[in-house]
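Residue strings, one per chain:
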Amino acid sequence: NKFIQISKAVFYKAAGSEAVTAKPIITPSSCTFEESLEVTISAEEGATIYYTVDGTEPTTESNEYAEALTIEETTTVNAIAVLDGVESSVASAEYTKLEAKTIEEVIAAGVGEALTTGTVVATYNSGFLMGDETGHILVYRGKANIGDVVKVMGTTSKYNSLLQFAEGATVITTGT
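Residues numbered from 1 in each chain as written. Predicted model: local features only at pLDDT ≥ 70, side-chain atom pairs only at ≥ 80, totals over all residues. Heavy atoms only, no water.

Colleague: What is the right way to look at the side chain of Asp-132 in this model?
Modeller: With respect to the helices, strands and loops of the structure, Asp-132 is situated in strand E13 (residues 127-132). Of note is the side chain of Asp-132, whose polar atom sits 2.6 Å from the side chain of Thr-134. Once residues lying within four places of it in the same chain are set aside, the contact partners of Asp-132 are Thr-102, Ile-103, Thr-116 and Thr-117. (Helix = DSSP H or I, 4+ residues; strand = E, 2+ residues; numbered from the N terminus. Polar contact = N/O pair within 3.5 Å; in protein donor to acceptor, adjacent residues only side chain to side chain. Contact = heavy atoms within 4.5 Å.)

See the structure below:
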């Protein structure tokens, strides 16, 4: 029995077995985005990376990775690494494009991923309240000032039966 160390990951190899090829790393990992997103794929030195963007499993007949991918729609990227004829397992990342919605539409959609724009109408020690012409929503742990026009993207959650943007939402001030 031997240990093989590849890219800081340790793989076990039984005597007489095939070499192990580490699966590629897709960066960023699964996430949401608004307009476009740059995705990179890396693998152990000397490996060739093959990928798909249509949700199918990649093979050595798939696109060969050469440079960063620009994702502009909801997409699943799957990739394999091939080294010395040995294929890795499939790495996968899902990217969800969010369309801006009114606050009323965000609330109606319920818990999930959302993107909206509004004006900060109140702040408190744990975040702020934003509003538009259709309603108001809390942004937990968000930072902004009263009067700021903000774009918020992130996961919504329920707190005391009210929908709010959960901690970790991206807040971009676009004006005042």
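Colleague: Sorry, what's going on with the sheet that holds strand E3 (residues 25-27) here?
Modeller: Strands pair in a sheet through their backbones, by hydrogen bonds, and they do so in one of two ways: parallel or antiparallel. One open sheet holds the 3 strands; their spatial order is E3-E5-E8, and the pairing between them is antiparallel. Edge positions in the open sheet fall to E3 and strand E8 (69-71), since each of these has one partner strand only. The sheet shows a mean angle of 30° between the axes of neighbouring strands, direction not considered. Sheet topology places E3 next to strand E5 (residues 37-42); 3 bridges connect them, and they run antiparallel. Across the sheet, Ile-26 pairs through a bridge with Ile-41, a residue of E5. (Pairing = 2+ DSSP bridges. Axes fitted to C-alpha atoms, helices over the stretch in contact; angles between N-to-C directions.)

Colleague: Please clarify how the environment of Ser-126 should be interpreted in this entry.
Modeller: If you trace the backbone, Ser-126 turns up in the loop between strand E12 (112-124) and E13. Along the chain, Ser-126 and Lys-143 lie 17 residues apart, while their C-alpha atoms are 8.7 Å from each other. With sequence-adjacent residues up to four places away left out, Ser-126 is seen in contact with Val-139, Tyr-140, Arg-141 and Gly-142.

Colleague: How should I be thinking about the packing of aromatic side chains in this particular structure?
Modeller: The description of two aromatic rings rests on the distance between their centres and on the angle between their planes. For the structure shown, the criterion picks out 1 aromatic pair. Ring geometry for Tyr-51 versus Tyr-65: centroids 6.3 Å apart, planes at 80°, classification edge-to-face. Pair noted here: Tyr-51 is in strand E6 (residues 48-52) and Tyr-65 is in the loop between strand E7 (63-64) and E8, with a separation of 14 residues, a long-range link. Considered together, Tyr-51 and Tyr-65 belong to a single accessibility category, that of buried residues. (Phe/Tyr/Trp six-rings, centres within 6.5 Å; stacked < 30°, edge-to-face > 60°. Buried < 20%, exposed > 50% of the residue type's maximum accessible area, 1.4 Å probe, protein only.)

Colleague: So what exactly am I meant to see when it comes to the environment of Ala-43 here?
Modeller: Take Ala-43: it is sitting in the loop between E5 and E6. Between the alpha carbons of Ala-43 and Ala-22 there is a distance of 7.2 Å; along the sequence they are 21 residues apart. Filtering out sequence-adjacent residues up to four positions away, Ala-43 remains in contact with Pro-24, Ile-49 and Ala-81.

Colleague: What should I look at first to understand unusual backbone geometry in this one?
Modeller: Most peptide bonds adopt trans geometry, and most residues besides glycine take a negative phi value. For the bond from Thr-27 to Pro-28, the omega torsion is -5°, close enough to zero to count as cis. Along the chain, Pro-28 turns up in the loop between E3 and strand E4 (31-33). For Asn-160, which is not glycine, the phi dihedral falls at a positive 50°. On the secondary structure map, Asn-160 appears in the loop between strand E15 (149-159) and strand E16 (162-165). The backbone of Ser-161 shows a phi angle near 70°, a positive value even though the residue is not glycine. As for its position among the elements, Ser-161 is in the loop between E15 and E16.

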